[in-house]
Amino acid sequence: MKWILPRSLPGWVLLIVISGLLITQVLTLSIVSRERIASNNVLDLLRLSDRALLLAKLMYTEKPEQRTRMAAELSVPPHVMTTSDSSAITSSIPVDDEMAELEDIIVGRLSRYGVEDARLGRESGQARPSPNAVQRNESMGSVERELLDLSSDITNSDTFVGSIEFKDGQWLNFTMQATPLSPILNVNSLPLYGSVAALVVLLSMWSLRRLTAPYRALESAVQRIGEDLKSPPLDERGSSDYKSAARAVNTMQAKLKEYVEDRELLAAALAHDLRTPLTRIRLRLEILRNSPARTALMNNLNDIEAISASVLDFANYEAKGDASERLDFWSLVDSIADGNPNVVFDGEDSRAQGLVCYAETIALRRCVTNLIDNAIKYGGKARLALSREGRWIVLTIDDDGPGIPEAQMEALFRPFNRLERSRNRQTGGFGLGLTIARNIARRFGGDITLGNRAGGGLRAELRLPLAKTAKLSSSK
């Protein structure tokens, strides 16, 4: 049952609107139907009273024989009139309170016309052919067809039977067809109701899309902040609820940005300030030329300097040295791989040439270099393949290394996280290359994923949007 229910706020609102519309329509049609039945009933009682009055005024001065002749002449089915010595309604008890009250009204109104008693009854309608049935044909006009349909409905409707007794004891019996009650929903009205309901649903969907558009923009902005903390803040215009949410998101982004900048500044300051004492230590080590501890201390000093440089590099990786521009990604990758004997292209495809992305040259070069260096460091050789998949540029880098356990692949993108736990920077590195590479890729709308190859080794996949997509996303 849960899969039937919507899972989003617009879906729930639309479901409520449609349900409310259906309930309102059903209740409205039920009320209208009851009102029509009540109105038709009152109208029929009025017609029945007027018909009794008309017949009484017409015949009360006539003799019984003359009334019989007049009744026969005026009788036209289904409106039948007869005279008799007894009432056509055998029971003197009215069928309901309305008929009892109407009988009293008729007797009171017609007493001056010699009417002593009145009885009324109602017979259920039965399907029977109209006495004036006319076959339909294509030459009929719309009015004639409507009159024909109405005549058929009247013929098959309920029949009122009335009997009034004159002072001479003769009963005049007459019939009258009840007003036919046409259905509210029929072939002609159903398309109208359906069109109105469809129009309401479409307007509701359009209104919901307009109403929830700022919230969709809010969702996409939050996702963009997760990928690029320096993305432009949200526009704080719209409804009061949206403005409050946008203001809260902008405040959160500003605080996060301030926190990250403070962290980067602290790391950069520490790494920078370490250079002065490290330089002094290096100068003092130069004095110990023949000391056996000199070589070990120099190696340790080089490691400290490399760590310091890496921390400084990581802290400043988001500093934009140049503006974003359209880059031929093939040429950039080719220039990095050129002259490196450990880098080869697998399955070179001419269609991969000319793939243009929108990024910063120095940052993107660094991203690709880090991936290639990582493949060479752990696999001995890097095999590159460049292709296009839809609106994406895809660069795959394969190596022949030992691979990575699936559970640890995402952890490698965290700063200072390494599989090789040694402190040797030549074998283990510092765990910043993949972190910086992914951050740069995500800044330009792309991403980096890792996966083990079926034949052994690791595959790193860099995806970047084509220039048009990237440019549009960066201009927002």
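Residues numbered from 1 in each chain as written. Predicted model: local features only at pLDDT ≥ 70, side-chain atom pairs only at ≥ 80, totals over all residues. Heavy atoms only, no water.

## Some points on the overall build of the protein chain
Piece 1. On a plain count of helices and strands, the protein chain comes out with 12 helices and 11 strands.
Piece 2. In the protein chain, which comprises 476 residues, the share counted as buried stands at 33%.
Piece 3. When the accessible surface of the protein chain is split by element, carbon and sulfur atoms take 57% of a total near 29,000 Å². (Helix = DSSP H or I, 4+ residues; strand = E, 2+ residues; numbered from the N terminus. Buried < 20%, exposed > 50% of the residue type's maximum accessible area, 1.4 Å probe, protein only. Areas by Shrake-Rupley, 256 points an atom, 1.4 Å probe, with all protein chains shown as cover.)

## Re the sheet that holds strand β3 (residues 159–166)
Piece 1. As summarised here, the arrangement of the 4 strands in space is β1-β4-β3-β2, forming an open sheet in which the pairing is antiparallel. Two strands in the sheet have a free side with no partner beyond their single neighbour: β1 (81–84) and β2 (115–123). Along the sheet, successive strands turn relative to each other by an average axial angle of 20°, direction set aside.
Piece 2. Bridge count for β1 against strand β4 (residues 171–177) is 4 bridges, and the pairing is antiparallel. Bridging across to β4, Ser84 finds its partner in Trp171.
Piece 3. Packed on one face of the sheet, helix α1 (residues 9–59) meets β1, β2, β3 and β4 and runs near 145° to β4.
Piece 4. The strands that helix α3 (residues 97–110) touches are β2 and β3; relative to β2, the one it contacts most, it runs at about 150°. (Pairing = 2+ DSSP bridges. Axes fitted to C-alpha atoms, helices over the stretch in contact; angles between N-to-C directions. Contact = heavy atoms within 4.5 Å.)

## What about the environment of Leu384?
Piece 1. Mapping Leu384 onto the fold places it in strand β8 (residues 382–389).
Piece 2. Once the C-alpha coordinates of Leu384 and Glu461 are considered, the two residues, 77 residues apart in sequence, prove to be 9.9 Å apart.
Piece 3. For Leu384, the contacting residues outside a window of four places in its chain are Val333, Ala337, Val343, Val344, Phe345, Asp346, Ile372, Leu395, Thr396 and Ile397.

## Observations concerning helix α2 (residues 64–74)
Piece 1. For α2, the full list of buried residues reads Arg67, Met70 and Ala71. For α2, the angular spread of buried residues about the axis comes to 100°, placing them on one side. Facing away from the buried side of α2 by over 90 degrees, the exposed positions are Glu65, Ala72 and Glu73.
Piece 2. Its buried side turned inward, α2 meets α1, β1, β3 and β4. (Arc of directions from axis to C-beta.)

## Observations regarding the packing of aromatic side chains
To describe a pair of aromatic rings, you give the distance between the ring centres and the angle between the ring planes.
Piece 1. Counted under the stated rule, the structure contains 2 aromatic pairs.
Piece 2. Here the aromatic rings of Tyr60 and Tyr113 are separated by 5.3 Å at their centres, their planes lie at 65°, and the arrangement is edge-to-face. Separated by 53 residues along the polypeptide, Tyr60 in the loop between α1 and α2 and Tyr113 in the loop between α3 and β2 bring together distant segments of the chain.
Piece 3. According to the relative accessible area criterion, Tyr113 is buried, its value standing at 12%. (Phe/Tyr/Trp six-rings, centres within 6.5 Å; stacked < 30°, edge-to-face > 60°.)

## Describing the sheet that holds β8
Piece 1. The mixed open sheet is built from 5 strands, whose spatial order is β6-β8-β9-β11-β10. A single partner strand is all that each edge strand has here, and the edge strands are β6 (343–345) and β10 (447–452). Taken pair by pair, the neighbouring strands of this sheet meet at an average axis angle of 25°, ignoring direction.
Piece 2. In the packing of helix α11 (residues 433–443) onto the sheet, contacts are made with β10 and β11 (458–465), and the angle to β10 comes to roughly 130°.

## Some thoughts on the environment of Leu22
Piece 1. Counting through the fold element by element, Leu22 comes out in helix α1.
Piece 2. In this structure, the C-alpha to C-alpha distance between Leu22 and Ala197, residues 175 residues apart in sequence, is 8.5 Å.

## Description of a nonpolar patch on the surface
Piece 1. A grouping of Leu5, Trp12 and Leu15 is seen on the molecular surface, where their side chains present a nonpolar patch of about 240 Å² in accessible area.
Piece 2. Along the chain, Leu15 turns up in helix α1. (Patch = residues over 30% accessible without salt bridge, like charges linked within 9 Å, V, L, I, M, F, W, Y side chains within 5 Å. Salt bridge = Lys/Arg side-chain N within 4 Å of Asp/Glu carboxyl O.)

## Looking at the packing of helix α9 (residues 329–337) against helix α10 (residues 361–379)
Piece 1. At a minimum axis distance of 10 Å, the contact between α9 and α10 shows a crossing angle of 50°. Classified by the angle between their axes, α9 and α10 sit oblique to one another. When the axes of α9 and α10 are compared, the crossing they make is right-handed. On α10, the residues touching Phe329, Leu332, Val333, Ser335 and Ile336 of α9 are Thr361, Leu364, Arg365, Val368, Thr369 and Ile372.
Piece 2. Of the residues that constitute the contact of α9 with α10, the class distribution is 7 nonpolar, 3 polar and 1 charged. (Parallel < 35°, antiparallel > 145°, perpendicular 65-115°, else oblique. Left-handed = near helix turned anticlockwise from the far one by under 90°. Nonpolar A, V, L, I, M, F, W, Y, C, P; charged D, E, K, R; others polar.)

## Focus on the environment of Glu165
Piece 1. Locating Glu165 in the fold gives a position in strand β3.
Piece 2. Spatially, the C-alpha atom of Glu165 lies 9.5 Å from that of Val107, the residues being 58 residues apart in sequence.
Piece 3. The residues touching Glu165, leaving out its near neighbours within four places in the chain, are Gly114, Val115, Glu116, Asp117, Gln170 and Trp171.

## So, the pattern of salt bridges
Piece 1. Counted by the stated rule, this structure contains 14 salt bridges.
Piece 2. With its nearest N and O atoms 3.1 Å apart, the salt bridge here joins Asp44 to Arg47. Highlighted residues: Asp44 and Arg47, both in helix α1, separated by 3 residues, approximately one helical turn.
Piece 3. Classification of Asp44 as buried rests on a relative accessible area of 2%.
Piece 4. Across the salt bridge formed by Arg438 and Glu410, the nearest N and O atoms sit 3.0 Å from each other. One end of the pair, Arg438, is in helix α11; the other, Glu410, is in the loop between β9 (392–398) and α11, and 28 residues separate them in sequence.
Piece 5. The class for Arg438 is buried, based on a relative accessible area of 7%.
Piece 6. Linked by salt bridges that have partners in common, Glu410, Arg438, Arg442 and Asp447 make up one network.

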